[in-house]
2 protein chains.
Amino acid sequence: MIGREWKKRTHHCGSLRIEDVGRDVVLNGWVQKRRDHGGVIFIDLRDVSGLVQVVFNPEISAAAHEVAGELRGEYVISCRGTVGARPADSVNPRLATGEVEVRVEEADVISASLTPPFEIQEGSDVDEALRFRYRFLDMRRRDQLEPLILRSRVAVTVRNFLDSRGFLEIETPMLTKSTPEGARDFVVPSRLQPGKFYALPQSPQLFKQLLMIAGIDRYYQIARCFRDEDMRADRQLEFTQIDLEMSFIEPEDLIAIMDAMFVDLFRRVMSVELSDPFPQISWQEAMEAYGTDRPDPRWGMEIDDFSSIFSATDFKLFRSILEEKGRVRGFKVDGLIAPARRELDSLVSEAQRLGAGGLVWMVREGDSLRSPVAKFLSQGETDALIEKAAMVEGEVFLLAAGPGDLNPVLAGLRQYCIKNFAPQPAEAWALLWVIDFPLFDWDENEKRYKSNHHPFTSPSRRTLELLDDDPLQVTSDSYDMVLNGVEIGGGSIRIHDPELQDRIFKILGLGEQEVEEKFGFLIEAFRYGAPPHGGIAYGLDRLAMLMAGKDSIRDVIAFPKTQSGLDLMTAAPDIISQAQLKELRIRST
Amino acid sequence: MIGREWKKRTHHCGSLRIEDVGRDVVLNGWVQKRRDHGGVIFIDLRDVSGLVQVVFNPEISAAAHEVAGELRGEYVISCRGTVGARPADSVNPRLATGEVEVRVEEADVISASLTPPFEIQEGSDVDEALRFRYRFLDMRRRDQLEPLILRSRVAVTVRNFLDSRGFLEIETPMLTKSTPEGARDFVVPSRLQPGKFYALPQSPQLFKQLLMIAGIDRYYQIARCFRDEDMRADRQLEFTQIDLEMSFIEPEDLIAIMDAMFVDLFRRVMSVELSDPFPQISWQEAMEAYGTDRPDPRWGMEIDDFSSIFSATDFKLFRSILEEKGRVRGFKVDGLIAPARRELDSLVSEAQRLGAGGLVWMVREGDSLRSPVAKFLSQGETDALIEKAAMVEGEVFLLAAGPGDLNPVLAGLRQYCIKNFAPQPAEAWALLWVIDFPLFDWDENEKRYKSNHHPFTSPSRRTLELLDDDPLQVTSDSYDMVLNGVEIGGGSIRIHDPELQDRIFKILGLGEQEVEEKFGFLIEAFRYGAPPHGGIAYGLDRLAMLMAGKDSIRDVIAFPKTQSGLDLMTAAPDIISQAQLKELRIRST
C-alpha cells in the first residue's frame, strides 16, 4: 500500500445525525466490527468521535463491496458515500449516530491490521499487563479514551481559570537540586560535571517560593514531578501536579480562589453545579467526627464521643478504659436496619482486621438495646445512648473504646459501612477543606519533631506563642482539599521571615550546615525582601481519576508504568551501552 | 517581624490612574527607590503590575513618615493612603501611574532586605553570572519580568487555539526509553531495576506517533525535552517544545492550521495582524535565493545565478570556474549607494571570513561598473549584469563564483549586508514555510545516507519512485516554519506503512536488530492499522525569545543554566551521598 492515495474525511464518524441524511461524506477510520449479511456488508467504523454504521451494498458499488470483503478488525479505511436514514427496525438508540448509516460508493484500505491480541471493545476485561504492552490498541477503546479526554479538559479549564485570575504560567527546572520533600530523588548523572548529579524535582516547591520572592505575585504550572518510591497501590514514579503560589495573601484568599476554580471546573467539565464556599473543617474536628483528615461527609455517620455516658458505669471494660484516660466513641450505621447476625459479625471482623481489640454493636429494639454487652448497661445508660445517637427502631450503633488511637478503626469501619450498607448519597460530589493542621508531628522512633506538611509551612499567628513551650499544640496555616474522601490537594502559607524559619529548623533538629546545603539559596533569598506567600498543589492524576469515575490513576495516564516501574510497551528502563556509562563516568555495581 | 500583622492590598501599584483620585487604597510592594525631600519622603513602590509613587508626609502621618525613614531598597511594605493627583510639574508621562501618587496614612514593614548585590533597575548592565546567582532579584527587574509574562501568554494562547481545534493535551512519559533524535540522552538510573536506566525524552516523537496509532486523532503538549549536548551559544540542556500531531492529513492540512494558530497568536499576544497563508518556499528555492533553508525575506536581496552571462567570457577566473561546472551567483546590496572604499573592503573581508576564495564587488557608474574586475568584462557582460540585477546608479552588486558550495558565503554576506547597510524592513515579522526538504543527506565521512529530518519522515509521493535509484533526489513531506530568518519549528508527515518504513531503514543502513531494539514497539504498532499522520514541534524558548525581542533564550527562561549546565542559584548539579549511590547500584569512576 506504499504511497497509495486515499480520500480525506469530510466528517467525523461520530458526528453524523439524522439531519445529515442525503449528504455526500467521506469518512476515515478503523473497522470496529464487520457483519456480512449475505451480500450486504455492514461495518461499524470508528474514529476519535465515535462509531457509525457504514453499509457496503454490491448494488450501490460492486468495487466498494469487494474492498469490504477484505476488511478485518482494525483495518484503517477511507470511504465515501451518502448518509441515509436507517430503517425504523434497525435504529440503534444507544448510539449517537444510531439513526443513520452511510451507504458506501467508494472505499480504500489505508492500512491493514494484524489480529489484535485482545478485543478492541469497550468494557471487555483484559489483563492489565497485556493492555499496557499494547497500550496503543488499549486506548482505542472508548472507555480508555474518555478519561484522557476528560483529563485534557481538566488541564485546559484549570489553566484558563488561573490565567484569568492573573496567574503566570512559569516553567521551573527539571534538572535541578534535591527538594526537601522527604521521598527518594531520581538523579541524573551530569556528563559536563563528572561525579555530580541533577535531581528530578519531587515538586516545584522551592522554585515557586523563589518566584514569589522574585515578585511574580501569582504563579501556576501543571508540573511533572518524580518520586523514587517503592510503589504501593496506585502510585506512579512520575506524576503531575497542578501547582500554584500567590503573594500577599492569607489562607482565606487562596481558599476563595480555589473554591471558584473548582466551581468553574465542575461546571465546564462535568456540567455539575457545586456551591461554594466549600465547607471548612479543622483537622481536629475532622479527626473527631470522621477519624481521618480526609473525611467524606456525603454520608452522615459522624463519630461522636460517648465517654460521658459511661462516667459512672458498672461495665468494667469501659470503666477501666475511661480510668486510663481512654475514650468511648462510636457512630450509627446508615442503611442498616434490623441487621442479620452475619452482618453484625462482619462488622466485628472488619474491626479486628483494622486492629481493634473489639467492637461493640448495639441494635435498638424498643427501649432496649440488643448487644453482646447489653446486660452490663444500666437503663439510664441505654436511654442516654439511644437519645444521643438518635437511634430509631432497628438501627445499628457501633462503639469502640480504648486508651489508644481509635481513629483508624472508626474511620475504617465507617468506610466499610459506607461501602456495604449505606444508600447512595444525595450528592455525588463532596468537596471540603481541612484546615489548621498541626505544624509538627512527634516521631516516636526518631524522638524528634517532624513537619506535618513541610518545613516552610507557616505556623498560624494565634498559636505562634506556643512554639517554644508546646510545639505540638501549634497549628499551621495549611489546608487540604478533599474530594469524596480523597485528598486531592494540599498547601499552606509559607514562612517568609528568615528568623522564624530559623526557629522552625531548630525545632526540627536541622543543623545549620544541613540547612545551608539543602536550601541555603532559599534562606538567602528570604533576606532580600520576601513577601508573605502561600500556595497549593493538586494531584492531577488523582483528580482526573475521581472525575472520570475510575479506580486507578493508571486509567487517566496515557502511558503508565507498572508497580515495578516498567513501561511494558517500550521496555524502559533498559540497559545502556558501556560507551554511554563511560562518558557519564559511572559504573553499575 | 515574626507574626507581625500587615494590611492586605486593595489595589495593584501599577493599576492606579487619575480616575482613582480620592480613593482609599492599600498597596503591598517593594521599595524601588526612596527620596527624602527634606521632610517629605517619596518612594517608588513596585509590584508585579508596575510602579507608583507613594508619599510620606509627616503632616499627614508622623508614624508612617517614621516607618518610611527606616525603609531601604527592596524592603517589602504595606501602606494605606489616599490617591492624589500629582502637581502638574511633577507628572511623569513615562509612567502609566505618572499622574497620581498615594499619600500614605499608615505603613508597615513586612520584610526587610539586605542591600542587593546589583541595582534592581530595568536595563542596568549586570554580569550574567551574578544575575543567575541571584535570579530571584534579577526577575524583579521589569525587563526580565516582561519576557516571562509574554511566554506565559504564548503558552496559554497556543493551548487554547489547539484545544479549540480539537487537539487533546496528552502527557507523555519523562522516564522513558532513548528516542532516536541523534543527540545524547540524559539517563536516570532505576533503583527498582538495578543496572537499567530510563532516558529523559529528547522529544515526544515516538509517543505522539503511538497516540495517532491509538486513534487519538489530534494531540498536543507543551513538553519539556532534554539533550545532553555540549552547549554551544544559546542552548539549554532542557528546553520546551510545542508539540503536536494529527491523523488523516496531508501537509497542507497541518500548514493551514498552523497558519491560523500563528495569526491568532500574534493577534492576541502582540496585537499584530499577520496575513495568512504564509508563503511557502521549497528547500531548493530557498537555497538558491537565500543560500539558506532559514530565509529572512523581509529584505529583498535575493541571490540570483549569473553564470549564463559569462558563458563565453574572456574573464579567465570565471571561465575556468564555469568549465569546472561551477557557478557565478550574487545579489545586489540594499541600502548601500555610492559606497566608500572601506565599506567595499569590509565586504571582501567578511567574504574571506566566511571562507570564500574571493568576492567580486561592482558599483554602477553610468553604463559602466566600478569593480576590481571591470577591465576583464566586455560591455555586453556589463550591460547584461546591470540589466539582470536591475542596478541603478551607485548601487552595489556582489558576485561569488566557484565550483564549491557558494551558499554559506552568500547567505553570510547577505546577513552582513542586512545588519550593516539595509534599511529597516517594511514588515517587522516575516513568517514562512520551507517545504520539500530532501529526504536524505549524504554523509561524506560515514559514506552513508542520513535522514534529513528523522527516519520516520515520509517521502513525498511524487518522488517515491526514485527511492531505490536516486535517493538524494527524493524529497520528503516535511516543513519548517521560519520566523525572521530563525527556524522556530519543523515537522513532517510520517510514514505509516511498515513496509515503506523498512525500506527507509535499509537505505539508512539500520540493521534489523538495531531497529528492533531502538523502536521495535513503534514498528510493531504500525502493523495494527496505522492512520496517515504528521505533526510539528516548535521551540517555545526560541519563539518567545523572538517575540520578546530578546537575543538569548536565557531571557525567556525563569531559571536558566549556564553553558556548562550549572544552575548558579541552587548549585545543581551536586554530589550525592554514598548511600544514594549504593541504593542505585552505581559508582562514579
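Everything numeric in this text was worked out from a predicted model, so none of it was measured.

It is worth spelling out the environment of R370(B) at this point. All names here are of chain B. Looking at the secondary structure, you find R370 in strand β15 (residues 368–370). Residues R370 and V396 lie 26 residues apart in sequence; the distance between their C-alpha atoms is 9.3 Å. Ignoring sequence-local partners within four residues, the contact set of R370 consists of P339, L344, W361, M362, V363 and E365.

With that settled, consider the relation of the copies chain B and chain A. Least-squares fitting of chain B to chain A yields an RMSD of 0.1 Å, with the transformation described by 0.0 Å of translation along the axis and a rotation of 180°. Here the two chains are linked by the operation of a two-fold rotation axis. Take the interface residues of chain B: 100% of them recur as interface residues in chain A, which is what a same-surface contact looks like.

Right, let's get into the UniProt feature "site: Important for tRNA non-discrimination" (unreviewed entry) in chain A. Annotation from UniProt places "site: Important for tRNA non-discrimination" (unreviewed entry) at H37(A). With respect to the secondary-structure elements, H37(A) resides in strand β1 (residues 24–37).

A few words on the confidence of the model for chain A. The share of residues in chain A with pLDDT of 70 or more is 99%, and the mean pLDDT across the chain is 94. For this predicted complex, the interface score ipTM comes out at 0.95, while the overall pTM is 0.95.

Let us look at the domain arrangement of chain A. Structurally, chain A comprises domain 1 (13–111), domain 2 (297–420) and domain 3 (431–528). For domain 1 of chain A versus domain 3 of chain A, the separation of C-alpha centres amounts to 62 Å.

Let us now look at the pattern of salt bridges. Following the criterion strictly, the structure yields 114 salt bridges over all chains and no others. Between K8(A) and D253(B) there is a salt bridge, with its nearest N and O atoms 2.7 Å apart. Of this pair, K8(A) sits in the segment before β1 while D253(B) sits in helix α6 (residues 251–270), which puts the two residues in different chains. You can call K8(A) partly exposed: its relative accessible area is 26%. Judged by its relative accessible area of 24%, D253(B) falls in the partly exposed class. Among the ionic pairs, K561(A) bridges to E238(A), the shortest N-O distance being 2.8 Å. One end of the pair, K561(A), is in the loop between α14 (540–547) and α15 (578–584); the other, E238(A), is in strand β10 (residues 238–247), with 323 residues separating them in the sequence. On the basis of relative accessibility, which here comes to 2%, the residue K561(A) falls in the buried class. Using a relative accessible area of 8% as the deciding quantity, one classes E238(A) as buried. The structure contains a network of salt bridges with shared partners spanning E5(A), K8(A), E250(B), E252(B), D253(B) and R461(B).

Cut-offs applied
- Residues numbered from 1 in each chain as written.
- Chains lettered and ligands numbered in written order.
- Predicted model: local features only at pLDDT ≥ 70, side-chain atom pairs only at ≥ 80, totals over all residues.
- Heavy atoms only, no water.
- Helix = DSSP H or I, 4+ residues; strand = E, 2+ residues; numbered from the N terminus.
- Contact = heavy atoms within 4.5 Å.
- Least-squares fit on C-alpha atoms with pLDDT ≥ 70 in both.
- UniProt positions renumbered as here; feature names shortened; annotations may be inferred.
- pLDDT = per-residue confidence, 0-100.
- Domains from an automatic or database assignment.
- Salt bridge = Lys/Arg side-chain N within 4 Å of Asp/Glu carboxyl O.
- Buried < 20%, exposed > 50% of the residue type's maximum accessible area, 1.4 Å probe, protein only.

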